[in-house]
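Residue-level listing of the chains:
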Amino acid sequence: MDTDPERRQEVYAVLEKYADRIIPFEWCDDFAKARNVGVDAASGEWFLFIDDEWFIDASPVVDFLYSEESEKFWWTNYKVRNYFDDAHLHYRDAWVSRMFRLDGKTRFVGRIHEFMTPLKGRAFSIDGLTGHTGYIYHSKEERDAHAWRNLKLLEQLAKEEPNQVRWTYQIMQEYANFDEKEKERSLARKGLKQMEGVHGYLYSCMRGIFAANILKLTREIEGWKEGYNEYRRLKGRKLELGHVSSAWIELEAAQQSMNIGKYKNAIRHSKRYLDAYNRYHNAPIEYSEDFLSSFIIPQNAYCIAGIIMSVVFLYVTLSYGERLEKASDTYKDAADAFLYDQDIRRRTIDESKFLTSRHLSKSMPWVLFVSLLGVNLLMMYLSGGLLI
């Protein structure tokens, strides 16, 4: 697909070292057509495609294909690690659908951000991992050129299929590259409207992305207070949302309520996020279909724990007695979340119970203050700074 005549032979020379067969394709601004050339030429039982990525660990894919388990499924997901720098220090993992059973009917659709359809039967989530470098840009100009190429193709698709919510979502994502917040929010509202009356888990995931973006963008455009008002409006609509997108919304609401002084609400939203965090990390495959799963990450849990710790500090400094007891309970919740899955969990929580005991004398507030502040600063460091 490299159309530069000077590089074509160089690319072919590399491919010939690894590929048994190379199929020429003249690029025509249509990724689905290119994929379908491969589908038409394939003769095996399964079809696997990759972008500019490589398998960090392919053995789970091989194991699946040789297992009896593979007979029960029609398509699969695995994880792709999207790198954002040449040193591969910054990345985000996401689940993708890259392999399906050849049945003569499943094809690719879409000039860009193409997808497989129809997909029938059950999907299996393989614990495999690929590395992807397509999101590494060395300048703003390079990134913008990539985004404008995508927008041109996506807007053509949106004109041809005005009711296809997938294109609305992808166009919204591309506008995020240009810091076009008003345009981005307008597209999120359009997407939410397009999905009225549409049901199903995958639709719930996409609906959740639109809702979460509306909430985030309203906060960025109009401020924390209006952002939280938007949260209330969205909750009042009782939208059918995906698991992970709901967690993202609670993360945003926790930060917003903290910044407008609604501290009890901040704790409530934080606990909802941490509940989702624990559910996801106990059974991540269950949520693999939800393409927001990258937001359920330890850094966000640290952020939430930091919010809770900040609220605890406010409780302690405002008054003693019942509020101090309440602070003790909240501190334990935060410590439990922060030290999730770590060996020192039980010992440290026992210490927090002692420090925040209702029998704490009035001569001890400074000890509590220092301990809370130290943990909060540690969380801020681990999360790269509180997102509030």
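Worth saying up front: this structure is predicted, and the values here are computed from it rather than measured.

*Asks:* Looking at this structure, I do not really get the side chain of threonine 168. What am I missing?
*Replies:* Among the structural elements, threonine 168 can be located in helix α5 (residues 165-175). What makes threonine 168 buried here is its relative accessible area of 4%. There is a polar contact of 2.7 Å between the side chain of threonine 168 and the side chain of glutamine 194. Setting aside chain neighbours within four positions, we find threonine 168 in contact with Leu187, Lys190, Gly191, Gln194 and Phe210.

*Asks:* Is there a simple way to explain the pattern of salt bridges in this structure?
*Replies:* If the charged atoms of two oppositely charged side chains come close together, the side chains can form a pair. Counted by the stated rule, this structure contains 23 salt bridges. Its salt-bridge partner being lysine 235, residue glutamate 250 comes within 3.7 Å of it at the nearest N-O pair. In this pair, glutamate 250 is assigned in helix α9 (residues 243-259) and lysine 235 in helix α8 (residues 224-236), connecting sequence segments 15 residues apart.

*Asks:* I keep staring at unusual backbone geometry and nothing clicks. Help me out?
*Replies:* Residues other than glycine predominantly adopt negative phi, and peptide bonds predominantly adopt the trans conformation. At the junction of threonine 117 and proline 118, the peptide bond is cis and its omega measures out at -10° in the coordinates. Examined against the element boundaries, proline 118 turns out to sit in the loop between β6 (115-117) and β7 (123-132).

*Asks:* Which parts of the structure should I look at to understand the packing of aromatic side chains?
*Replies:* This model, assessed by the stated rule, comprises 17 aromatic pairs. Plain terms: the ring middles of phenylalanine 55 and tyrosine 78 are 5.3 Å apart, the flat faces sit at 50° to each other, and that makes the pair tilted. Here the residue phenylalanine 55 occupies a position in strand β2 (residues 53-57), and tyrosine 78 occupies one in strand β3 (residues 75-83), the gap between them amounting to 23 residues. Between the aromatic rings of phenylalanine 64 and phenylalanine 124, the centroid separation amounts to 4.9 Å while the plane-to-plane angle is 10°, which identifies the pairing as stacked. Taken as a pair, phenylalanine 64 in helix α3 (residues 59-65) and phenylalanine 124 in strand β7 lie far apart in primary sequence, 60 residues in all. Relative accessible area serves as the criterion here: at 4%, phenylalanine 64 is assigned to the buried category. Since its relative accessible area comes to 25%, phenylalanine 124 is described here as partly exposed. Taken together, the ring pairs in this structure connect Trp46, Phe64, Phe73 and Phe124 into an aromatic cluster. Note that lysine 120 overlies the ring of tryptophan 74, its terminal NZ or CZ placed 4.2 Å from the centroid.

*Asks:* Even after reading the chapter, I still don't get the layout of surface pockets, so can you show me in this structure?
*Replies:* Empty space among the atoms becomes apparent when a probe as large as a water molecule is rolled across them. If you add up the space inside the second largest pocket, you get close to 210 Å³. Looking at the second largest pocket, it is lined by 15 residues, and the ones nearest its centre are Lys235, Leu241, Ser246, Ile249 and Glu250. When contributions to the lining of the second largest pocket are tallied by element, the ones reaching two or more residues are α8, α9 and α10 (263-282). For the lining of the second largest pocket, the element with the highest residue contribution is α9, accounting for five residues. Residue classes in the lining of the second largest pocket are distributed as seven nonpolar, two polar and six charged.

*Asks:* Looking at this model, I keep getting lost on the confidence of the model for the chain. Mind explaining?
*Replies:* Caution is warranted with low-pLDDT regions, since their predicted coordinates should not be read in detail. Per-residue pLDDT for the chain averages 75, and the proportion of residues at 70 or more is 70%. When the criterion is pLDDT under 50, residues 334-370 qualifies, and its contacts beyond four places in sequence or with other chains add up to 38 contacts.

*Asks:* Is there a simple way to think about the nonpolar core in this case?
*Replies:* Side chains that are nonpolar tend, in soluble globular proteins, to be buried together. Judged by nonpolar contacts, the single largest core of 37 residues is most densely connected at Met172 and Phe210. Every element with two or more residues in this core is listed here: α4 (140-160), α5, α6 (181-194), α7 (201-222), α8, α9 and α10. Leave out the neighbours within four places in its chain, and phenylalanine 210 touches Val165, Thr168, Tyr169, Met172, Leu187, Ala188, Gly191, Leu192 and Met195.

*Asks:* Could you clarify how one ought to interpret the sheet that holds strand β1 (residues 46-48) in this entry?
*Replies:* Either a parallel or an antiparallel arrangement is found when strands of a sheet pair, and the pairing is made through backbone hydrogen bonds. Reading across from one edge, β1-β4-β3-β7-β2 is the order of the five strands in this open sheet, with mixed pairing throughout. Here the strands that pair on one side only, and so sit at the sheet edges, are β1 and β2. Direction aside, the axes of adjacent strands within the sheet are offset by 40° on average. When β3 meets β7, the two strands line up parallel, connected through seven bridges.

*Asks:* How should a positive patch on the surface be read in this particular structure?
*Replies:* Side chains of Lys225, Arg232, Lys262 and Arg268 sit close together on the surface and give a patch of like positive charge. Topologically, lysine 262 is positioned in the loop between α9 and α10.

*Asks:* Looking at this structure, how should I read the pairing of β7?
*Replies:* A regular strand places its side chains on the two faces of the sheet in alternate fashion. Counting buried positions along β7 gives seven out of ten residues, so the element sits mostly inside the fold. Inspection of the sheet shows β2 paired to β7 by four bridges, in the antiparallel sense. Each bridged residue has a counterpart across the sheet, and for glutamate 53 the counterpart in β7 is histidine 132.

*Asks:* Looking at this model, I keep getting lost on the side chain of serine 204. Mind explaining?
*Replies:* Mapped onto the fold, serine 204 is located in helix α7. Residue serine 204 is classed as buried on the basis of its relative accessible area, which comes to 3%. There is a polar contact of 2.8 Å between the side chain of serine 204 and the side chain of glutamate 240.

*Asks:* Sorry if this is basic, but what is going on with the environment of alanine 247 here?
*Replies:* Note that alanine 247 resides in helix α9. Its relative accessible area of 2% is what places alanine 247 among the buried residues. On a C-alpha basis, the gap between alanine 247 and alanine 276 in space is 6.0 Å, while along the polypeptide they are 29 residues apart.

Here is what the cut-offs are and how they apply
Residues numbered from 1 in each chain as written. Predicted model: local features only at pLDDT ≥ 70, side-chain atom pairs only at ≥ 80, totals over all residues. Heavy atoms only, no water. Helix = DSSP H or I, 4+ residues; strand = E, 2+ residues; numbered from the N terminus. Buried < 20%, exposed > 50% of the residue type's maximum accessible area, 1.4 Å probe, protein only. Polar contact = N/O pair within 3.5 Å; in protein donor to acceptor, adjacent residues only side chain to side chain. Contact = heavy atoms within 4.5 Å. Salt bridge = Lys/Arg side-chain N within 4 Å of Asp/Glu carboxyl O. Phe/Tyr/Trp six-rings, centres within 6.5 Å; stacked < 30°, edge-to-face > 60°. Lys NZ or Arg CZ within 6 Å of the ring centre and 35° of its normal. 1 Å grid on protein atoms, 1.4 Å probe; cavity = no way out; pocket = protein on both sides within 12 Å on 5 of 7 lines; lining within 4 Å. Points joined across faces, edges and corners; volume = space filled by probe spheres on them. Nonpolar A, V, L, I, M, F, W, Y, C, P; charged D, E, K, R; others polar. pLDDT = per-residue confidence, 0-100. Core = buried A, V, L, I, M, F, W, Y, C linked by side-chain atoms within 4.5 Å. Pairing = 2+ DSSP bridges. Axes fitted to C-alpha atoms, helices over the stretch in contact; angles between N-to-C directions. Patch = residues over 30% accessible without salt bridge, like charges linked within 9 Å, V, L, I, M, F, W, Y side chains within 5 Å. Areas by Shrake-Rupley, 256 points an atom, 1.4 Å probe, with all protein chains shown as cover. Lys, Arg positive; Asp, Glu negative; His and termini not counted. Charge placed at Lys NZ, Arg CZ, Asp CG, Glu CD.

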